[in-house]
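# Results of the structural survey
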Amino acid sequence: MPLQSVKYAPGKLEILDQLLLPVQSKYLAVKGVEDGWKAINKMQVRGAPAIAIVGCLSLAVEIFPESYDSKKTLRQEIEGKLNYLVSARPTAVNMKIAADELIALANDLTKDDSINVDQMKERFLAATEAMLQKDIDDNRAIGANGASIILKNLKREGPVRILTHCNTGSLATAGYGTALGVVRKLHELKKLEHVYCTETRPYNQGARLTAYELVHDQLPATLVLDSMVAALLRAKNIAAVVVGADRVAANGDTANKIGTYQIAVIARHHDVPFFVAAPLTSIDLQIPSGDHIIIEERPDREMTHVGEHRIAAPGINCWNPAFDVTPASLINGIITERGVFSPQKLKSEITAFLEASTYLSIVDVANTIQQPLNVETNYRNIRVRLNNSHVDGMNSEATVREGRVEVSFDLGQSWGTICGTYWSFREANVVCRQLNLGYAVSTAQSLTYGDSKRYPWKMVGTLCRGTENTLRDCFREKNYPKFCDSSNTKLAVVRCVEKLPDLNLDLAITETSAFLDTKRLSNLTCAMEEKCLAPDAYEIRSSQADAERKLLRFATRAENVGTADFNPYANFANWQWHQCHKHYHSMETFATFDIYDRHYKKQAEGHKASFCLRDTGCRTGITPRYTCGNVTQGITVGCWDTYNTTLDCQWLDVTNLSTNNTYILRVALNPDYLIGEMSYENNGAECLLYYTGNRSTTTLSQCVRAPLWFAN
């Protein structure tokens with residue numbers, strides 16, 4: 001029987017602590033999201049599928065005993081904590097995909113008036129718990145498909161010898177495994193002669209974990225050093241190499257444990273088939289190639305030490321990427337639970353498969369929600385176009401970059417429009433992406449290109465996160481009749497461009513700059529003018545001018561990592577003059593700062609920070625273009641705007657915050673989606689704030705990336 005790495009019962013989660021293997025087999029209790037984040041980050045659990053399962057189940061354990069006063073409160077807790085869990089190991093795409101699906105479910109349930117908050121919680125827990133069995137079923141299917149393709153392409157009859165890298169078995173999944181699942185299936189078929197596993201430096205997952213599983217299951221196995229692979233393939237007649245994947249890009253490029261790339265090169269030299277075994281959730285069609293995959297870099301100590309013993313010379317520099325990217329050209333096939341796909345045709349084959357199949361997500365498996373309420377129900381066959389004609393004849397030219405959004409559910413035989421309610425840059429970006437037209441530079445709920453009386457709706461209540469590949473992947477608002485009726489005839493309108501800015505919030509600067517300050521009201525005149533203090537400050541300012549306010553100060557740096565300059569949405573005539581600061585603020589709401597408790601109930605009055613946009617610094621070779629001027633403001637591509645802790649309103653008024661508690665500080669740039677960006681996933685941050693009321697003991701830590709919320 002394969003190892004059981006995850007033990008779960010409602011309200012209780014235990015994982016096999018992989019840091020202690022193979023010397024000690026000990027289960028670690030995971031009591032909530034914080035425990036889950038630490039277990040993933042410290043690699044007490046690892047492997048992309050297992051990371052997703054443990055992360056989501058840690059949230060299930062945390063909310064299981066809790067009561068919530070509203071569905072909105074529950075939704076915000078789900079969304080915030082799932083995004084936090086994604087940050088623990090950002091390369092592992094399964095956690096992000098699972099988070100996106102569960103966030104979509106939470107939003108859908110929030111809008112469903114037929115259920116109350118307790119029923120919403122019950123359905124959410126059911127969806128989360130369904131992941132366990134689904135993962136095991138998927139792994140067994142991967143094993144069967146992998147064994148079949150390897151045996152089908154044998155150069156000689158008889159049992160086979162397999163090489164695998166890192167750990168892809170029961171310890172990396174809910175059970176059975178992906179690449180190791182293929183090995184297990186070959187063994188069940190009595191077609192496995194021997195399996196070789198690499199040690200997998202520097203963390204030795206192969207030596208510690210894969211070897212542990214192989215011995216446990218009594219499979220014929222041998223451990224080899226990473227540097228022996230070329231000699232092994234030359235001498236041992238290996239039939240195939242099978243590895244796992246942390247993320248597969250749309251073109252088939254695959255990110256996996258460091259060392260995978262060089263094994264693929266060696267396999268190609270020796271004419272040994274090289275396969276990647278991974279569930280569909282590891283395939284990220286939103287990433288065009290491996291060049292766009294973020295590679296996590298691990299601490300130097302993993303290379304310089306074994307346990308407490310140093311093995312490297314003190315003072316030596318280290319480079320320790322956790323993953324590398326194997327080009328699709330070196331991969332013979334990507335083995336999934338739904339078949340083996342050609343890397344070179346991955347995107348088209350997966351897309352065609354999803355359109356034609358009844359593939360179920362984790363939310364579908366749980367059977368927790370009704371079918372999306374839509375004007376049309378055949379949502380998988382959706383086609384999209386932009387139409388800027390004002391006549392009945394439809395303009396179907398692919399070069400149209402601006403117009404009303406039209407959709408077809410019958411392969412283009414008939415077209416209709418989308419109700420403009422809820423329409424935003426998030427949905428518009430998905431449309432531009434689906435049409436391969438870049439990004440949305442402007443969007444509106446508009447009558448510019450007609451109304452619903454002339455061009456009837458075919459689709460209503462669409463709500464996207466903005467990262468989806470097609471509108472098919474978004475979810476739908478069930479209560480659309482409440483918002484889309486004869487009184488609202490506006491249509492969704494989009495304009496696409498190839499280049500846009502992309503703001504990136506610098507987490508390290510926010511975290512390391514934070515400190516608690518104390519100021520008298522009499523010294524906060526400009527702050528009072530800009531409404532940067534809690535409401536009670538305005539009530540006492542006349543009678544208690546010497547009263548002190550406690551301010552959590554922190555710096556904010558917004559870097560433009562996009563392909564176009566970031567400029568204000570309003571023209572100069574509408575900028576706001578700030579008498580205290582003697583300059584114009586071109587964006588009245590450039591950023592928001594808020595403090596929540598661990599259940600995402602707001603605890604400190606946040607405020608909207610207005611900015612005078614300028615280039616305060618740039619990357620090497622980039623010339624700054626913008627100053628805090630009276631006519632032109634902005635952030636140049638490759639430059640950033642830093643608001644330091646010394647500036648007014650670069651703070652939160654925490655005077656009334658309860659002491660000796662842990663809170664969540666949330667910072668968001670461009671929070672109202674007023675300016676189109678390439679992505680809104682890097683616009684925010686969430687940090688843990690431990691507030692004591694004392695400067696020396698109040699701390700801000702563990703800042704992680706947090707995308708903008710669907711709604712506040």
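Residues numbered from 1 in each chain as written. Predicted model: local features only at pLDDT ≥ 70, side-chain atom pairs only at ≥ 80, totals over all residues. Heavy atoms only, no water.

### With respect to the overall build of the protein
Of regular secondary structure, the protein possesses 16 helices and 38 strands. Restricting to contacts in the protein with at least 6 residues of sequence separation, those with at least 24 account for 75%. If you sum the accessible surface of the protein, you get close to 29,200 Å²; carbon and sulfur atoms cover 49% of it. (Helix = DSSP H or I, 4+ residues; strand = E, 2+ residues; numbered from the N terminus. Contact = heavy atoms within 4.5 Å. Areas by Shrake-Rupley, 256 points an atom, 1.4 Å probe, with all protein chains shown as cover.)

### Topic: the UniProt feature "active site" (unreviewed entry) in the protein
The residues that UniProt annotates with the feature "active site" (unreviewed entry) are Asp246. Within the fold, Asp246 resides in the loop between β7 (240-243) and β8 (247-249). (UniProt positions renumbered as here; feature names shortened; annotations may be inferred.)

### A word on the environment of Asp641
Looking at the element boundaries, Asp641 is found in strand β34 (residues 639-643). Each C-alpha atom of the pair Asp641 and Arg557 lies 5.7 Å from the other, and the pair is 84 residues apart in sequence. Within the local environment of Asp641, its side chain forms a polar contact with the backbone nitrogen of Arg614, the two atoms lying 3.3 Å apart. (Polar contact = N/O pair within 3.5 Å; in protein donor to acceptor, adjacent residues only side chain to side chain.)

### What about helix α13 (residues 425-434)?
Within α13, 9 of the 10 residues are buried, which leaves the element mostly enclosed by the surrounding structure. Restricting attention to buried positions, one finds in α13 the residues Phe425, Arg426, Glu427, Ala428, Asn429, Val430, Val431, Cys432 and Gln434. The secondary structure elements touched by the buried residues of α13 are β17 (383-387), β18 (402-408), β20 (439-446), β22 (462-463) and β24 (491-497). Once α13 finishes, Asn436 follows within two positions and takes phi at roughly 55 degrees, a positive value. (Buried < 20%, exposed > 50% of the residue type's maximum accessible area, 1.4 Å probe, protein only.)

### A look at the packing of helix α2 (residues 48-63) against helix α4 (residues 93-111)
Remark: α2 packs on α4, axes separated minimally by 7 Å, with the N-to-C direction vectors making an angle of 40 degrees. By the angle class used here, α2 and α4 are oblique. Every pair of crossing elements has a handedness; the one defined by α2 and α4 is right-handed. Listed contacts from α4 to Ala48, Pro49, Ile51, Ala52, Gly55 and Cys56 of α2 are Asn94, Met95, Ala98 and Leu102. When grouped by side-chain class, the residues that make up the contact of α2 with α4 number 8 nonpolar, 2 polar and no charged. (Axes fitted to C-alpha atoms, helices over the stretch in contact; angles between N-to-C directions. Parallel < 35°, antiparallel > 145°, perpendicular 65-115°, else oblique. Left-handed = near helix turned anticlockwise from the far one by under 90°. Nonpolar A, V, L, I, M, F, W, Y, C, P; charged D, E, K, R; others polar.)

### Considerations on helix α5 (residues 117-152)
Think of an α-helix as 3.6 residues a turn; residues three or four steps apart then line up on the same face. The terminal C-alpha atoms of α5 lie 52 Å apart, and with 36 residues this matches the ideal 52 Å at 1.5 Å per residue to within 8%. For α5, the principal kink sits at Leu132 and spans about 30 degrees. N-capping of α5 is provided by Asn116, with a side-chain oxygen placed 3.1 Å from the backbone N of Asp118. (Expected span 1.5 Å × (residues − 1). Bend = angle between axes of the 7 residues up to and from the residue.)

### Quick notes on the confidence of the model for the protein
Across the protein, pLDDT averages 84, with 88% of residues at or above 70. For the stretch residues 391-398, pLDDT sits under 50, and the model shows 16 contacts to residues farther than four places along the chain or on other chains. pLDDT under 50 marks residues 478-482. Its contacts with residues more than four places away, or in other chains, come to 11 contacts. (pLDDT = per-residue confidence, 0-100.)

### Quick look at the sheet that holds strand β16 (residues 339-341)
Spatial strand order, β6-β5-β4-β7-β10-β15-β16: 7 strands in an open sheet with mixed pairing. This sheet does not close on itself; its edge strands, each paired only once, are β6 (221-224) and β16. Recorded for the sheet is a direction-independent mean angle of 25 degrees between the axes of neighbouring strands. Pairing geometry for strand β5 (residues 192-198) and β6, over 4 bridges, is parallel. Paired with Cys197 across the strands is Leu223, a residue of β6. (Pairing = 2+ DSSP bridges.)

### Digging into the sheet that holds strand β35 (residues 651-653)
In spatial order, the strands read β26-β27-β35; together these 3 strands make up an open sheet with antiparallel pairing. Only two strands of the sheet have a single neighbouring strand rather than two, namely β26 (515-520) and β35. In this sheet, adjacent strand axes meet at a mean angle of 35 degrees when their direction is disregarded. Bridge count for strand β27 (residues 548-553) against β35 is 3 bridges, and the pairing is antiparallel. Bridge pairing links Arg553 to Trp651 in β35.

### Quick word on the state of the cysteines
Taken as a whole, this structure holds 4 disulfides when the rule is applied. The disulfide bridge from Cys432 ends at Cys496, spanning 2.0 Å between sulfur atoms. Between Cys432 and Cys496 the disulfide shows an S-S torsion of about -85 degrees. By sign, it is left-handed. Linking Cys432 in helix α13 with Cys496 in strand β24, this pair joins segments that are 64 residues apart in sequence. (Disulfide = S-S within 2.5 Å.)

### With respect to the pairing of strand β10 (residues 274-277)
Burial of the side chains of β10 extends over both faces: Phe274 and Val276 are buried on one face and Phe275 and Ala277 on the other. Examined bridge by bridge, β7 and β10 share 3 bridges and lie parallel to one another. Each residue of the ladder has a partner; that of Val242, found in β10, is Phe275. As paired strands, β10 and strand β15 (residues 333-336) are joined by 3 bridges and run parallel to one another. Each bridged residue has a counterpart across the sheet, and for Ala277 the counterpart in β15 is Ile335.

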